[in-house]
There are 2 protein chains.
Amino acid sequence: MLDLTFCLDPAASIPLYQQLYESLAGQIRSGRLHCGDRLPGKRSLAGQLAVAVNTVDTAYQMLVAEGYLEARPKSGFFVLEYVGGPSQPPQAPLPPLELPPEPAPRFDLSTGAVDTALFPFRTWGRIQKELLYAGPELLCHGHRQGDGELRRELAVYLRAYRGVACDPGQIVVGAGVEYLLGLLAQLLRGPGCTAAVENPGYDRPRTILENNGVPCRSVEIDGSGLSPAGLEESGASLCYVTPSHHFPTGVTMPVGRRAQLLRWAAAQPGRYILEDDYDAEFRFDMRPLPSLQGMAGPGGPVVYLCTFSKSLAPSIRIACMVLPGPLLERYRAAFGSYANTVSRFEQQTLRRFLAEGYFTRHLARMRGAYKGRMERLVRELEAAFGRERIRLQGRHTGLHLLLTLLDGPGEAAMEASAFAAGVRLRGLGGYYMEQAERCPANTVVLGYASLRDEEIPALAAALRRAWLGSAGGTA
Amino acid sequence: MLDLTFCLDPAASIPLYQQLYESLAGQIRSGRLHCGDRLPGKRSLAGQLAVAVNTVDTAYQMLVAEGYLEARPKSGFFVLEYVGGPSQPPQAPLPPLELPPEPAPRFDLSTGAVDTALFPFRTWGRIQKELLYAGPELLCHGHRQGDGELRRELAVYLRAYRGVACDPGQIVVGAGVEYLLGLLAQLLRGPGCTAAVENPGYDRPRTILENNGVPCRSVEIDGSGLSPAGLEESGASLCYVTPSHHFPTGVTMPVGRRAQLLRWAAAQPGRYILEDDYDAEFRFDMRPLPSLQGMAGPGGPVVYLCTFSKSLAPSIRIACMVLPGPLLERYRAAFGSYANTVSRFEQQTLRRFLAEGYFTRHLARMRGAYKGRMERLVRELEAAFGRERIRLQGRHTGLHLLLTLLDGPGEAAMEASAFAAGVRLRGLGGYYMEQAERCPANTVVLGYASLRDEEIPALAAALRRAWLGSAGGTA
């Protein structure tokens, strides 16, 4: 029996037909209206509720479309059988929904940031605008590996500046190195497939590889980078490395060590090296060193990965990988139907940014700014602590330094007292996945990319106060 | 012994120091220069090669940085031991690199396209430009699940227009439904986990689930959508469905069937329904029907997925999913450290587009245009073939129709003759992963989104010529 006591509220933000639909659907679900019941005619109900006939009609049509009612020609609307869902639909409680934002420290020396003031707003914005009005074809799906014109520019750039040996057809563009690593893991995993990762090192690759079904073993980093003996012992068939600039120690892998890695890969079929060239653009003393991939050649066992997170901005999600031939075939078989994950407007903006020479000029400008900042940081730290109290490593490349405080109070105490003084930084031990006891003592990682130059003296003074208990002055 | 017979070419695009570096590195790798050999002094070599001292210095520093040379203070540069890579580095041949582009047909009735002329270029471009200049914080990493302001707008929209019951904290934004489905598969896979997929249906979800380690079983679609008996028999613990508008048959799942699916999910812990609401915005006869997720509630066993590929553009890669509580916790544990895959500029452009009311106006405009196009296509096809020769299904929602040609020559012949007449379309049988013999005969899928209205009569005439052998006129 239809209950007409409910109220329709013409002032509510929910339209009247929706309110009526919900009331009627609720009465059917609750069993108040039964299978076979005939609903009032549309005019009659509209009159009773003082709403337009159209309102009733729309609600009835929705109920028909959803399967609550059946419309029988010339006789009206009848309730269909409703066998309900679970009487108590399982309602698991929600976890705390949003984590409260951390308060921003006065000085942020974490390593993921860049100097946003260096972003080429004007050029990027102009190209973006021109592309939006250039024609509608950029709204359609593009090539699944990434737009062909972008991949051609990337191949030219990677060959000239990173010594990468590749054809545009080997390049896959994707929304971040993490996404691309996930695809690689899916391609390469299988019985017996394990990956060696660097210890200390960046923990994200390990998380991604393991989430995608590739177990990881950590292999120690010595003064030349990943240890070949450790790699051999690990039994791994994949090896994730950052040879240009090991994260976070800053070691550049010498050519002899690179050759050893290539020999390791050549010793058994199916071995691959995943070379993450995450910040090699920022080599201050010379042109960046050629990639390991270039040494191996376009068909060699190296997958080259790089990102534009540091050279443009972390929020513009463009990365790419260069696949050797056999993997390219497997990639196309497995993922050939996947849509590309990067907006074509941003792909094409980057394409023109590269093709028109803006990118290399932008890099030169960033490199100059970052080099100046690093040198100033070194000077101010040496002045604040005295050269004999600290050791600084990693001044040739990248966007972070390692600082060791001789006779310091231990890494944890250094982190904590820096934090209390308004400086967010992380100890080197935090990057050890295993064997943290091998970590050099009293050593912290200083990411300087997002510092403002003029605040560097205050930062150095804050660290000195935090760690030595008194302000300023050389020791 | 150093070979000085090589040529440095000042006119080449490769800088001189790079040319010199490559020659010297090559001589060390080839064994012409031996471990312990002393290189000529910088001035002396510069004189012999007629280049600047700086050029030699840069090349030497690169060789030192790479580990080819050692610089001994006050005595010069000495060759280090070089134990080469594999003598014949494995060089697998590259597969054919770029597939030749397919020639564009005169009429493209495939289902992935949209009408790019409807894209709101002006508003989108203006918001984008304002955001670029609004401040540098959009260059930094945002929230890993997607910008909070965007998720708040999405929650409001999904609640109001799709009946989705959710808090912004349950939403995860990502670069396409495919990417999000991949994450879901990684979260949910495990021993005994299999997924039911629709047959006929969209093949991509199956590919993604299987690539991510979730085996799939296909379950038949009847007149009300996915068969609950088939689902039960499949032994699956996950169920991928398109209840609002089954792809490609166009069936809308009635409420009773939805309740059956929810009962299936409630019957065992760990069962989940993945509801892909890929084109529900385009319901022509009424407001889109509420989602299955809304029926289950925010903690129920449904993951809701939707994309902006059809409502904005396929090349703007924004999709989202709404996770029930238990999955949200697992998501954060597994993927909490992953960077979001969507550019923050595009996230924020969409956020303002939603918040300022443009999106619902844009949808209304698209819905009007697509409805008019669908109706015109129906009229022209009925005029060209006669109402008794064809049956058209799927006129209430979505961007495609099913056409059945009574007494037709078979689906394959229809596809081929249409293609010869300049019309790209796909037979319904192509969407059957199994049991293709159950496919209704002579039925093809007509995606009309990217047709131009004025070409519809010519398209109908082309199909008539292709399938009936004579042009125009009712039969």
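Model, not experiment: these values are computed from the prediction.

Enquirer: Help me out: how do you make sense of the side chain of Lys310 of chain B in this one?
Expert: Residues and elements named next belong to chain B. Structurally, the position occupied by Lys310 is in the loop between strand E10 (302-307) and strand E11 (319-322). No salt bridge forms around the buried Lys310; measuring N to O, its nearest opposite-charge neighbour Asp279 is 5.8 Å away. Among the polar contacts listed, one links the side chain of Lys310 to the backbone oxygen of Thr111, at a separation of 3.2 Å. When sequence neighbours within four positions are dropped, the list of residues in contact with Lys310 reads Thr111, Gly112, Val114, Tyr278, Asp279, Phe282, Met366 and Leu399.

Enquirer: Would you mind going over the pattern of salt bridges with me for this structure?
Expert: Oppositely charged side chains may form a pair once their charged atoms are brought near each other. Counted under the stated rule, the structure contains 42 salt bridges over all chains. Two residues, Arg204 of chain A and Glu178 of chain A, come together in a salt bridge whose shortest N-O distance is 2.3 Å. Residue Arg204 of chain A is located in helix H7 (residues 203-211), and its partner Glu178 of chain A is located in helix H6 (residues 177-188); the two are separated by 26 residues in the primary sequence. Of the two residues examined, Arg204 of chain A and Glu178 of chain A, each falls in the buried class. Put simply, Arg438 of chain B and Glu220 of chain B hold a salt bridge, and the shortest N to O gap is 2.5 Å.

Enquirer: Help me understand the relation of the copies chain B and chain A, please; the structure alone is not making it clear to me.
Expert: Between the two copies of the chain lies a relationship made up of a rotation around an axis and a movement along it. Structural alignment of chain B on chain A gives an RMSD of 0.1 Å, achieved by rotating through 180 degrees and translating 0.0 Å along the axis. As the rotation angle and translation indicate, the two copies are arranged about a two-fold axis. Both copies contact each other with a shared surface, as 100% of the interface residues of chain B are interface residues in chain A too.

Enquirer: When you look at the side chain of Gln293 of chain A in this model, what are you seeing that I'm missing?
Expert: Here Gln293 of chain A is to be found in helix H10 (residues 292-296). Discounting chain neighbours no more than four positions away, the residues touching Gln293 of chain A are Gly163, Val164, Ala165, Glu275, Pro298, Val302, Tyr304 and Val322 of chain A.

Enquirer: What is the right way to read the packing of helix H13 (residues 358-385) of chain A against helix H15 (residues 456-468) of chain A from this model?
Expert: For any two helices packed against each other, one specifies the inter-axial angle together with the distance between the axes. Residue and element names in this part refer to chain A. Contact geometry of H13 with H15 gives a least axis separation of 9 Å together with a crossing angle of 40 degrees. With respect to H15, the element H13 is oriented oblique. In the crossing of H13 with H15, the sense of the turn from one axis to the other is right-handed. Residues Arg373, Arg376, Leu377, Glu380, Leu381, Ala384 and Phe385 of H13 pack against Ile456, Pro457, Leu459, Ala460, Leu463, Arg464, Trp467 and Leu468 of H15. Classifying every residue of the contact of H13 with H15 gives eleven nonpolar, no polar and four charged.

Enquirer: Explain the state of the cysteines here, please?
Expert: Chemically, a disulfide is nothing more than a covalent bond linking the sulfur atoms of two cysteines. One pass over the full model with this rule turns up zero disulfides over all chains. Cysteine Cys239 of chain A shares no disulfide, and the gap to the nearest cysteine sulfur, in Cys216 of chain A, comes to 11 Å.

Enquirer: Which parts of the structure should I look at to understand the sheet that holds strand E8 (residues 238-241) of chain B?
Expert: Across a sheet, strands are paired by hydrogen bonds formed along the backbone, either parallel or antiparallel in direction. Residue and element names in this part refer to chain B. Pairing is mixed across the open sheet formed by eight strands, whose spatial order is E4-E11-E10-E9-E8-E5-E6-E7. Single-partner strands in this sheet number two, and they are strand E4 (171-174) and strand E7 (225-226). Relative to strand E9 (residues 272-276), E8 runs parallel, the two being bridged by four bridges. The partner of Leu238 across the bridge, within E9, is Tyr272. Its contacts with the sheet place helix H6 (residues 177-188) against E4, E8, E9, E10 and E11, and it is angled at close to 160 degrees to E10.

Enquirer: What is the right way to read the pairing of E9 of chain B from this model?
Expert: A regular strand places its side chains so that they alternate between the two faces of the sheet. Residues and elements named next belong to chain B. Burial runs high along E9: five of the five residues are buried. Where burial is concerned, the two faces of E9 agree: the one with Tyr272, Leu274 and Asp276 and the one with Ile273 and Glu275 are both buried. A crossover connection joins E8 to the parallel E9 through helix H9 (residues 255-267); in handedness this β-α-β unit is right-handed. In the sheet, E9 pairs with E10 via four bridges, with the strands oriented parallel. The residue bridging Ile273 from the neighbouring strand is Val302, located in E10.

Enquirer: I'm lost on the nonpolar core in this one. Help?
Expert: Most often, soluble globular proteins have nonpolar side chains that are buried together. Of all hydrophobic cores here, the largest spans 139 residues; its most connected members are Leu381, Leu403 and Trp467 of chain A together with Leu381, Leu403 and Trp467 of chain B. Ignoring sequence-local partners within four residues, the contact set of Leu381 of chain B consists of Gly386, Ile390, Leu392, Leu403, Leu446, Ala460 and Leu463 of chain B. Within the second largest apolar cluster, 64 residues are counted, among which are Leu188 and Val197 of chain A together with Val172 and Leu238 of chain B.

Enquirer: What should I look at first to understand the environment of Arg365 of chain B in this one?
Expert: Residue and element names in this part refer to chain B. With respect to the helices and strands, the residue Arg365 is situated in helix H13 (residues 358-385). With relative accessibility at 47%, the residue Arg365 sits in the partly exposed group. Arg365 has contacts with Ala117 and Leu118, leaving out every residue within four places of it along the chain. Within the structure, Arg365 has its side chain in polar contact with the backbone oxygen of Leu118 (distance 3.3 Å).

Enquirer: Just to check I follow, could you spell out the interface of chain B and chain A for this structure?
Expert: Bring the parts together and some accessible area is lost; that lost area is often taken as the interface size. With 101 residues of chain B at the contact, the number on the chain A side is 103 residues. Viewed at the interface, chain A and chain B are joined by zero salt bridges. Our count for the contact surface shared by chain B and chain A stands at 24 residue pairs in polar contact (both at pLDDT 80 or more). By residue class, the composition of the side of chain B that touches chain A is 54 nonpolar, 30 polar and 17 charged.

What counts and how
- Residues numbered from 1 in each chain as written.
- Chains lettered and ligands numbered in written order.
- Predicted model: local features only at pLDDT ≥ 70, side-chain atom pairs only at ≥ 80, totals over all residues.
- Heavy atoms only, no water.
- Helix = DSSP H or I, 4+ residues; strand = E, 2+ residues; numbered from the N terminus.
- Buried < 20%, exposed > 50% of the residue type's maximum accessible area, 1.4 Å probe, protein only.
- Lys, Arg positive; Asp, Glu negative; His and termini not counted.
- Salt bridge = Lys/Arg side-chain N within 4 Å of Asp/Glu carboxyl O.
- Polar contact = N/O pair within 3.5 Å; in protein donor to acceptor, adjacent residues only side chain to side chain.
- Contact = heavy atoms within 4.5 Å.
- Least-squares fit on C-alpha atoms with pLDDT ≥ 70 in both.
- Axes fitted to C-alpha atoms, helices over the stretch in contact; angles between N-to-C directions.
- Parallel < 35°, antiparallel > 145°, perpendicular 65-115°, else oblique.
- Left-handed = near helix turned anticlockwise from the far one by under 90°.
- Nonpolar A, V, L, I, M, F, W, Y, C, P; charged D, E, K, R; others polar.
- Disulfide = S-S within 2.5 Å.
- Pairing = 2+ DSSP bridges.
- Right-handed = clockwise from strand over helix to strand, strands pointing away.
- Core = buried A, V, L, I, M, F, W, Y, C linked by side-chain atoms within 4.5 Å.

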